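Chains, contacts and geometry: an overview
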Amino acid sequence: MPDPDTQPDLASPAQQPTQADADARSRHRADARSTDRGARVGDGVRTVGGTGESAWGGRVIAHLDLDCFFAQVEELDDPAIRGKPVIVGPPAPTRFPNGRIDFSRSGRGIVCTSNYAARAFGVRTAMPATQAHRLCPDGVYRPCRGERYRELSREVFAVCEDFTPRIRPVGIDECYLDFSGLARWTRGRYPDADPEVFAHDWPRLLASDLRDAIESRTGLTASIGVGPNRFIAKLASDYDKPRGLKAVAPRDCSAFVRGLKLGDLRGVGPKTRERLERLGFRTPSDILDLTRQSACERLGDLGRSIWDASHGKDGDLPDEREQRKSISRDRTFAENISCSSGDGRREMLATLSRLSAKATYSLRKECLFASSVSVRVRFADFSQIQHDRSLGAEDGIGSTDQDADIMPVVERLLEETLTRRASQKQLRHGVRLVGVKLGGLSALRQRQLRLGEEEQVDQRASVYKVADEIRRRLGFDALSIGRSIESDAKRSRHVPTQHDASDRGKQQVNSPQGMDGVDDPELWLRRDLSDD
Amino acid sequence: MKVICDRAALMDAVNLVSGVVASRSPRPQLTCIKFDARKDGDGGAGTITLSATDAEISIRMSSAQAEVQKEGEALIPADKLRQIVSAEDKDPTLTLDSDGEMTSIRGADAHFKVYGYPPGDFPEVPDFPEDSGDDSFAIDASTLSTLISRTTFSTARENSRYAINGVLMRREGKKIEMVATDGRRLALAKASANEFTGDGPSTCIVPTKALTMANKLLSGCDQVRVAVTDNQIIFKFDDSDVAGAGGTVLASNLVDGTFPPYQDVIPKDQDKRATFAVESLGSAVRRAALLTNEESRGVRMAFGKDTQALKISSRAPEMGEAEINVEMKSFDGDDIEIGFNPAFITDALKVLPGEEVMIEMKAPNKPGMIKSGNDFVYVVMPVNLQ
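1. Observations concerning the pairing of strand S26 (residues 368-372) of chain B
All names here are of chain B. The buried count for S26 comes to 4 of 5 residues, which makes it a mostly enclosed element. As paired elements, strand S25 (residues 356-361) and S26 share 3 bridges and run antiparallel to each other. The residue of S26 that forms the bridge with Ile 359 is Ile 370. In this antiparallel pair of consecutive strands, S25 and S26, the connection spans 6 residues.

2. A look at the sheet that holds strand S12 (residues 431-439) of chain A
Backbone hydrogen bonds hold the strands of a sheet together, and the pairing may be parallel or antiparallel. Residues and elements named next belong to chain A. Ordered by their spatial adjacency, 4 strands build an open sheet running S9-S12-S10-S11, and the pairing between neighbours is antiparallel. Every interior strand has two partners, whereas the edge strands, strand S9 (327-337) and strand S11 (384-390), have only one. Neighbouring strand axes in the sheet, compared pairwise and without regard to direction, differ in orientation by 15 degrees on average. Note: S9 against S12, 7 bridges, orientation antiparallel. Its bridge partner being in S12, Arg 329 is matched across the sheet by Val 436. Taken strand by strand, helix H13 (residues 342-365) contacts S9, strand S10 (372-379) and S12, and its axis lies near 155 degrees from that of S9. Most of the contacts of helix H14 (residues 403-421) go to S11, to which it runs at about 140 degrees, and overall it touches S10, S11 and S12.

3. Let's talk about the pattern of salt bridges
Working definition: two side chains of opposite charge can pair if their charged atoms are close together. Overall, the coordinates contain 44 salt bridges over all chains when judged by the stated rule. When the shortest N-O distance is used, the salt bridge between Arg 148 of chain A and Asp 77 of chain A registers 2.7 Å. Residue Arg 148 of chain A is located in helix H5 (residues 146-161), and its partner Asp 77 of chain A is located in helix H2 (residues 69-77); the two are separated by 71 residues in the primary sequence. We note that Arg 148 of chain A, like Asp 77 of chain A, is buried. Among the salt bridges present, the one from Glu 73 of chain B reaches Lys 34 of chain B, with a minimum N-O distance of 3.5 Å. One end of the pair, Glu 73 of chain B, is in strand S6 (residues 72-77); the other, Lys 34 of chain B, is in strand S2 (residues 32-38), and 39 residues separate them in sequence. The exposure class of Lys 34 of chain B is buried, given its relative accessible area of 9%.

4. Structural notes on unusual backbone geometry
Residue and element names in this part refer to chain A. The omega torsion across Lys 241 and Pro 242 is -10 degrees, close enough to zero to call that bond cis. As for its position among the elements, Pro 242 is in the loop between helix H8 (230-239) and strand S8 (245-247). Of note in the backbone geometry, Cys 68 takes a positive phi value of approximately 35 degrees without being a glycine. Tracing the sequence through the fold places Cys 68 in the loop between strand S1 (61-66) and H2.

Reading guide: rules and limits
Residue positions are counted from 1 within each chain, in the order its sequence is given. Chain A is the first chain written and ligand 1 is the first ligand written, with later ones labelled in order. The predicted origin of the model limits local features to residues at a pLDDT of at least 70 and limits the giving and counting of side-chain atom pairs to 80 or more, whereas totals for whole chains, interfaces and linings rest on all residues. With hydrogens and water set aside, each side-chain value is computed from the structure's full complement of heavy atoms. Partly exposed residues are those whose accessible area sits between 20% and 50% of the maximum for their type, while under 20% is buried and over 50% is exposed, using a 1.4 Å probe and protein chains only. Only DSSP runs of H or I covering at least 4 residues are called helices, and only runs of E covering at least 2 are called strands; the numbering of each starts at the N terminus. Strand pairing is defined by DSSP finding a minimum of two bridges between the two strands. Helix axes are fitted to C-alpha atoms over the stretch in contact, other axes to C-alpha atoms as well, and angles between N-to-C directions run from 0 to 180 degrees. Should any heavy atoms of two residues lie within 4.5 Å, those residues are considered in contact. Whenever a carboxyl oxygen of Asp or Glu lies within 4 Å of a side-chain nitrogen of Lys or Arg, that contact is scored as a salt bridge.

Here's what the structure looks like:
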């Protein structure tokens with residue numbers, strides 16, 4: 001499928017640098033210079049051939065991809081398993097007394113990531129647990145530790161920020177970076193390099209410094225590709241994994257792409273490849289041999305974007321995230337939750353409370369307010385009910401960024417979903433996933449005050465401010481809201497946290513009492529109804 | 001049981017009692033209306049009595065506009081009965097003839113058979129406790145109706161705090177107060193009873209649905225008697241001629257719970273007062289509300305001391321904005337700008353027809369108060385506009 005994001009600049013005619021561009025770049029340089037440099041000057045300079053400044057005249061975009069990220073983190077945290085096949089996601093196989101694997105107990109997890117040793121056995125991402133157990137029965141199986149991965153991911157992005165302020169994460173383990181205009185700054189790190197060689201090679205040097213800095217600061221290896229646009233940068237980072245490093249100057253792009261297979265190209269999945277092959281395009285060269293005009297005519301946007309990118313056309317970072325329409329958080333339970341038991345409902349509610357706290361934490365970070373809430377319940381048969389409600393008229397809330405406002409609505413939506421909307425069959429199956437979605441986002445805030453709360457409004461906002469600051473420093477889980485404790489307790493049973501505690505010296509600040517007041521939606525009514 | 005009913009009178013009665021019939025219930029009898037036909041002792045036409053309940057609220061009303069040919073009882077599913085009675089619009093009369101659980105309804109050219117349940121299974125509607133020494137009072141129907149309509153609009157809907165889903169009724173001697181709140185606003189209405197029994201102040205929380213139902217039964221009635229027992233409130237509508245009925249009783253369970261201390265939230269130190277004609281303020285707020293939306297629900301009200309005018313403005317992103325100027329009858333205090341949910345204001349103004357209202361305020365983050373005479377106080381929290 002053609003991807004309009006691939007080349008956001010294609011529509012514009014010539015790439016004349018504008019004054020605004022120049023300003024942006026000088027700002028960019030100043031920002032980059034003012035930050036800590038953290039990387040060491042090391043790798044020698046290798047001549048790839050080049051004729052000076054023109055080698056990288058326009059944009060320089062890098063793509064950074066952490067190698068087998070989750071598996072790598074597991075190896076990092078537990079040296080004993082280094083080099084063994086590591087599979088993150090499903091539990092280890094259960095065996096019969098005779099040593100054979102009991103596949104009926106393999107569960108329904110899927111492989112999140114496997115390291116290269118496991119990939120040698122054929123274990124791939126998104127493979128069901130049973131298949132992984134069959135292919136690699138003696139591998140090291142580890143559960144996903146999202147918080148730990150996020151923590152390291154944040155550290156990696158922080159290292160990136162020492163190199164360029166223009167970073168666009170596109171997932172937990174990869175990001176695009178804008179290296180444009182950093183040649184002079186890089187020059188400062190390599191004062192003795194041959195000018196001609198440097199002019200061609202500086203993006204590779206910078207990428208290599210970045211890779212080394214990440215390695216020395218976090219112990220993680222990454223592959224980095226550099227090119228004039230994202231299309232080339234991504235192909236370059238995939239080129240030589242793991243710990244790959246590849247910079248493709250604009251004029252080398254065409255040759256680089258010609259050396260790849262059609263299926264390697266971004267935007268060319270199995271279906272598209274089949275279609276292209278039917279049309280007689282078997283290699284990237286078949287497309288690049290066309291004129292731009294006929295590439296457009298024969299293959300539409302896809303042809304045009306591949307042709308342009310492969311001819312070294314300037315690109316940009318992915319667009320700043322478009323204005324958000326909603327924020328969702330959901331969670332799949334390790335085991336299906338029974339709908340009929342009080343415990344089951346309490347656990348769902350506790351989980352929703354935690355998810356609401358997370359979603360509103362994101363809202364506050366982005367200075368947005370939500371005016372609608374929906375609750376999603378997915379049953380074990382994968383059928384799903386989503387139930388929404390506007391925070392407007394009936395609740396009189398208007399819009400909010402506080403989970404204390406949202407929870408009463410979430411509670412009601414869950415109750416209505418389970419009592420009125422779900423069929424008996426769905427209820428019998430049990431619940432597999434619950435989620436919260438906040439919609440109607442706006443930077444505009446109108447908050448309907450409640451009776452008796454005028455003094456408490458500021459107080460509550462300041463409690464949120466303090467809580468957010470604690471979470472910013474110590475991670476989201478540093479604080480828990482009273483009503484989500486059940487979910488936290490349950491979670492900690494599935495998620496080993498010894499690494500967090502010992503390695504990071506992280507403080508666990510659980511203060512349910514302190515937050516309870518914040519969490520109580522009806523501050524005014526609380527004291528009168530406590531005896532109910 | 002066999003009765004010949006005036007169709008119009010039957011339809012009125014069935015529509016009224018249907019208001020309390022349970023729509024779904026594990027006890028299917030509760031989805032029915034119970035008919036009880038009795039001949040008069042003096043050989044007159046006789047009366048039929050219709051009863052219905054949803055286990056919380058129950059109602060019993062009688063109608064003399066029927067000719068009882070054979071005494072007896074019947075349980076008829078309410079929704080089918082209502083549909084049949086309203087569809088058989090060619091006939092001035094309908095004949096209801098029941099035998100055990102089955103009732104046949106005959107019009108001029110139609111014959112319906114409807115299966116019900118054994119009449120003995122139906123719960124009794126409580127009688128009004130005459131002279132039992134319970135807490136009770138009599139009040140003008142129009143007064144009670146005003147109390148109800150001035151409060152029920154402020155009750156919470158489906159709130160998990162059940163107490164505020166109902167209306168607090170407090171009586172001390174002849175003085176009666178009713179209070180409703182949804183946590184964002186509070187309405188307090190006062191009136192006097194005609195006569196009462198029972199000492200000391202008494203309070204109870206009445207479900208909103210019971211009051212709405214009572215309000216329907218009040219039209220065409222002069223005086224109502226109200227009794228409060230431990231767990232029930234019972235209304236007896238005297239001289240009722242609703243659907244030609246000879247007397248109607250409505251009983252409801254009370255809401256169990258503690259009502260928030262409403263006196264605490266009624267502000268005592270408001271220092272800005274504006275008076276308006278209800279109609280002009282209501283119209284201005286309604287018009288300003290046209291340019292509000294989900295995202296931007298509040299209207300900004302700027303009270304000017306020098307101009308003696310109120311400027312109401314609203315703004316909805318990507319839609320537009322409105323500004324309405326309203327003349328104030330008087331304004332006392334400093335300039336103030338405060339935001340309100342326009343619906344909260346118009347809700348209150350709707351129940352104050354043709355009167356003058358006073359809005360009292362203190363600060364943009366403090367409650368506003370709408371007053372009308374000494375009998376109505378409405379506290380409304382502002383919208384925090386940024």
